[in-house]
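Chain residues, written in single-letter form:
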Amino acid sequence: MHISKVDLNLFTVFEAIYSEGSVTRASQKLHLTQPAISHALARLRLVFDDALFVRQGHAMVSTPLARNIIEPVRQALRGLEVTLSDAGKFDALSATNQFNLALRDVLESTVLPPLLHNICGQAPLVNLAAIQVERRELLSELAAGTLDLAIDMLLPLPHEIRRQKMKQDDTVVLVRRDHPQIQGKLDLDTYLNAEHVLASSRRKGMGLEDFELSRLGLQRRIRLRCQHYFAACRVISQTDMLLTMPEGYARIANEQFGNQILPLPLPMPSWDVYLYWHQNVENDPANCWLRQQVMQAFTAEY
């Protein structure tokens, strides 16, 4: 008989009768009526085609078949109890999860080092994949569970996608150390008269700073468009061009170049970074643990 056709509650009754040697005491142990216990025993006898227990005086004596199956039944019941008690827990030390985290390459250098430092110490068998996902696909991937978390700017995602603001970053301008016109300070006229590098993964379109300039009726000249801020930092170190970027990543990407890091001479909204997850994993122990690790990584870095 397939397990799907058997009421697993019957095995709890079986174990209680075996342990107590009495239908009465089994009913008291399980807080069920004696007729309910007797009915369950009758169903068990049909399942196994065996009496299982034979009355001798006031006691219920087990048959050879009952004695043969009691230990496997007890082991199975204990396994279910452990599963139920651990369902709301995540044991990082023994977990073997593969977590998929969507984030922009700008954030990899800032978030991954402290995040992996924590994870490697707490969860030696957990793996993490940092991947880039098109923003239009974030909803479907988070809903499907192919993504566990996403880290990005504030995005117009529906309510089913939960979010938490992680950090607020200012915008700065990088200028090479020996720039002939700029030393230690930068005004708007000098900024607009300079040539600029725009780091963007998109083929075309303006940067956020260009939108702010256009709101003021202003425009800058973009001499180079490249894909990565690190490459842009190197270009800046060898030219008189300027690079505008988030301050947190600027301090990391610029470490080996020594470019000047100056305030942007233009009112600019901060770069707000958010953590995203789907409502389906709001209370999932593994996802909760991962969110906590990411939050701690941002605290450590910023």
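Just so you know, these numbers come straight off a predicted model, no measurement behind them. (Residues numbered from 1 in each chain as written. Predicted model: local features only at pLDDT ≥ 70, side-chain atom pairs only at ≥ 80, totals over all residues. Heavy atoms only, no water.)

> I tried to follow the environment of Arg-78 on my own but got confused; where do I start?
When you line up the elements, Arg-78 lands in helix α4 (residues 64-86). Judged by relative accessible area, Arg-78 falls into the partly exposed class, the value being 44%. (Helix = DSSP H or I, 4+ residues; strand = E, 2+ residues; numbered from the N terminus. Buried < 20%, exposed > 50% of the residue type's maximum accessible area, 1.4 Å probe, protein only.)

> Is there a simple way to explain helix α8 (residues 208-215) in this structure?
Among all positions of α8, only Glu-209, Asp-210, Glu-212 and Leu-213 are buried. The buried residues of α8 all sit within an arc of 160 degrees when viewed along its axis, so they share a single face. The inward-facing, buried residues of α8 abut α7 (188-193), β8 (195-199), β9 (221-226) and β10 (242-246). Phi for Gly-217, located one or two positions after α8, is positive at around 75 degrees. (Arc of directions from axis to C-beta. Contact = heavy atoms within 4.5 Å.)

> Would you mind going over the pattern of salt bridges with me for this structure?
Opposite charge on two side chains allows them to pair when their charged atoms are near. Using the criterion set out here, one finds 18 salt bridges in the structure. Asp-240 is the partner of Arg-176 in a salt bridge, and the nearest nitrogen-oxygen pair spans 2.7 Å. Of this pair, Arg-176 sits in the loop between β7 (171-175) and α7 while Asp-240 sits in the loop between α9 (229-237) and β10, and the two are 64 residues apart along the sequence. The salt bridge involving Arg-215 is made with Glu-212; its shortest N-O contact spans 3.5 Å. Taken together, the residues Arg-215 and Glu-212, both in helix α8 and three residues apart, mark about one turn of the helix. Several salt bridges converge on common partners, so that one network encompasses Glu-15, Lys-29, Glu-71 and Arg-74. (Salt bridge = Lys/Arg side-chain N within 4 Å of Asp/Glu carboxyl O.)

> What am I meant to see in the layout of surface pockets here?
Unoccupied space between atoms shows up once a probe the size of one water molecule is rolled over them. Of the voids in this model, the largest pocket is the one considered here, and its volume is about 840 Å³. What lines the largest pocket is a set of 33 residues, among which Arg-104, Val-106, Arg-135, Met-153 and Trp-271 lie closest to the centre. Mapped onto the lining of the largest pocket, the elements with two or more residues apiece are α5 (105-122), β5 (149-153), β6 (161-169), β8, α8, β10 and β12 (271-278). The biggest single contributor to the lining of the largest pocket is α5, with four residues. Residues belonging to the lining of the largest pocket are distributed by class as follows: 16 nonpolar, eight polar and nine charged. (1 Å grid on protein atoms, 1.4 Å probe; cavity = no way out; pocket = protein on both sides within 12 Å on 5 of 7 lines; lining within 4 Å. Points joined across faces, edges and corners; volume = space filled by probe spheres on them. Nonpolar A, V, L, I, M, F, W, Y, C, P; charged D, E, K, R; others polar.)

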